[in-house]
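Architecture and fold: a report
Chain by chain, the residues run as shown.
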Amino acid sequence: MVETKWGQQAEALAQGRLDAVILNDWYAIASLAALSPGTVQSARVLDQDLVIWCGQDGTVQVWADRCPHRSVRLSRGKVVANTLVCPYHGMVYDTTGQCIQVPAHPDYVPPKQACVRSYPVQVQYGLVFVCLGDDPSAIAPFPEWTDDQFVKALAGPYPCQTGGYRAIENFLDLAHFAHLHTGILGDLEFPQVGDYAVTTDDRGVHFDDIHIWQPDPMNTGQGGFVTYAYSAFRPLTAYFRKTTPDGDCLTIWYVVTPVSEAECIGWMWMALNFIDASQTDDAIAFQDKVFEQDRDSLESHNPKRLPLDLTTEFHVPCDRGSLAYRQWLKQLGVTYGTL
Ligand code: FES
Ligand code: CO
């Protein structure tokens, strides 16, 4: 498969940095709601430029963003019926990626090699996911997706100049609440982090029984004690469930799409059992605010890649979750975006 890649991704593969676990995972690249028939968009995943296009019949294709004729971007092209037309010489590609028409030679039958590399696509949780590998894993579970007690709200996408695992670790990190989310998720008077349980199993890494007080945990203006449980289901997909003693519950399902080893885009589904559908804009605005508070620290990590050599950074007891995450990545054989 190396011969079908080019540019930076070929380089990463050749150097052994693009491992099978990361290559075969699913990454969100678009919201289904934003893709109407005729839409053409570009995306970049694992250093690979992609074109996403939606035919007039509503089916979504994700291909390498490169016309095999003279290597221009197909994302500059247009959809005609259920084909994608290259902007340069007007060659027409059908939904399998095969060139079926050459305007300069109306009777010419394009050879089999006149075919664009296409990738597996899945629509799940209202998002379009792509897998760049030949042996796709499974998209991580989002338990509240089918639970009608929960209103769902999609926050993001949040492009961020940091490696994807840094974004996941930040999502799983408690000790920064007092400092970056003062007055919302933490309080400078109470920066302490208590003990919590960490387990690793075949579903990922889990942190449980985290009990903390937050000034405004649910965006209601009221402080209170909350209980968190976190999971990293996949290297770049994590989840938490936060509950109050009254039973109010907020969960977040977070997939981080690796653009490159040092750049990512986060997609966050929130599920809330204490608001109605008219309040989803408020919930998204709250998450936007929280993410912007995180951004400066996230983008200033140096290195942006995550060190799996545990001697590179120092660790304190409340980092046991992050240590378990790094050890799990190493066990899985993850190399892309790590040091
Ligand atoms: Fe696409 Fe020639 S480069 S048709
Ligand atoms: Co934060």
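My aim in this report is to walk through the structure given alongside it, one point at a time. Counting restarts for each chain, with residues numbered from 1 along the sequence as it is written. Here every chain gets a letter starting at A, and every ligand a number starting at 1, in the order they are written. Given that the model is predicted, a residue must reach a pLDDT of at least 70 before its local features are reported, and side-chain atom pairs must reach 80 or more before they are shown or counted; all residues, however, enter totals for whole chains, interfaces and linings. Based on all heavy atoms of the structure, the side-chain values leave hydrogens and waters out of the count.

**Observations concerning the packing of aromatic side chains**
The condition that has to hold: Pairing of aromatic rings covers Phe, Tyr and the six-membered ring of Trp, with a centre-to-centre limit of 6.5 Å; geometry is then stacked below 30 degrees between planes, edge-to-face above 60, and tilted otherwise. In this description a helix means any DSSP run of H or I spanning at least four residues, a strand means any run of E spanning at least two, and both kinds are numbered starting from the N terminus. Think of it in three bands: residues with accessible area under 20% of the maximum for their type are buried, residues over 50% are exposed, and the middle band is partly exposed, with areas taken using a 1.4 Å probe on protein chains only.
By the definition in use, this model includes 21 aromatic pairs. Taken together, a centroid distance of 6.4 Å and an interplanar angle of 85 degrees make the contact between F171 and Y230 edge-to-face. With F171 in helix α3 (residues 164-171) and Y230 in strand β14 (residues 224-234), this residue pair connects regions lying 59 residues apart in the sequence. Judged on exposure class, the residue F171 and its partner Y230 are both buried. Connected via pairs of aromatic rings, a cluster forms that spans F171, F177, Y196, F207, Y228, Y230, F240 and Y254.

**Some points on the packing of α3 against helix α6 (residues 320-332)**
The axes of two packed helices give the description: the angle between them and the distance between them. Filter applied, for reference: Note on method: axes are straight lines fitted to C-alpha atoms, helices fitted across the in-contact stretch only, with angles between N-to-C directions ranging 0 to 180 degrees. Handedness of a crossing is defined here by the sense of rotation of the near helix relative to the far one, left-handed for an anticlockwise turn of less than a right angle and right-handed for a clockwise turn. Note on contacts: a residue pair is in contact if any heavy atoms of the two residues lie within 4.5 Å. Three categories are distinguished: nonpolar for Ala, Val, Leu, Ile, Met, Phe, Trp, Tyr, Cys and Pro, charged for Asp, Glu, Lys and Arg, and polar for the others, with Gly belonging to the last.
Contact geometry for α3 and α6: axes closest at 10 Å, N-to-C directions at 145 degrees. Relative to α6, the crossing made by α3 is right-handed. Across the interface between the two elements, Y165, R166, I168 and E169 from α3 touch S322, Y325, R326 and L329 from α6. Looking at the contact of α3 with α6 residue by residue, the class counts come to four nonpolar, one polar and three charged.

**Digging into the sheet that holds strand β9 (residues 121-124)**
Note the threshold: Only strands that DSSP links by at least two bridges are regarded as paired with each other.
Strand order in the open sheet formed by three strands is β1-β10-β9, with antiparallel pairing between adjacent strands. Of all strands in the sheet, those bounded by a partner on one side alone are β1 (27-31) and β9. Taking the axes of each pair of neighbouring strands and ignoring which way they run, one obtains an average angle of 35 degrees across the sheet. Looking at chain direction, β1 and strand β10 (residues 127-130) are connected through four bridges and run antiparallel. Counted as the bridge partner of A28 is F129 from β10.

**Here's the deal with the sheet that holds β14**
With antiparallel pairing, the seven strands of this open sheet are ordered in space as β11-β17-β16-β15-β14-β13-β12. Across the chains shown, the open sheet's two edge strands, defined by having one partner strand only, are β11 (151-160) and β12 (197-201). Ignoring which end each strand starts from, the neighbouring axes of this sheet average 15 degrees apart. As judged from the eight bridges shared by β11 and strand β17 (residues 263-272), these two strands associate in the antiparallel manner. Each residue of the ladder has a partner; that of A155, found in β17, is M268. Lying over the sheet, α3 contacts β14, β15 (237-243), β16 (249-260) and β17, oriented at roughly 165 degrees with respect to β16. Against the sheet, helix α5 (residues 280-300) contacts β11, β16 and β17, and its axis sits at roughly 25 degrees relative to β11.

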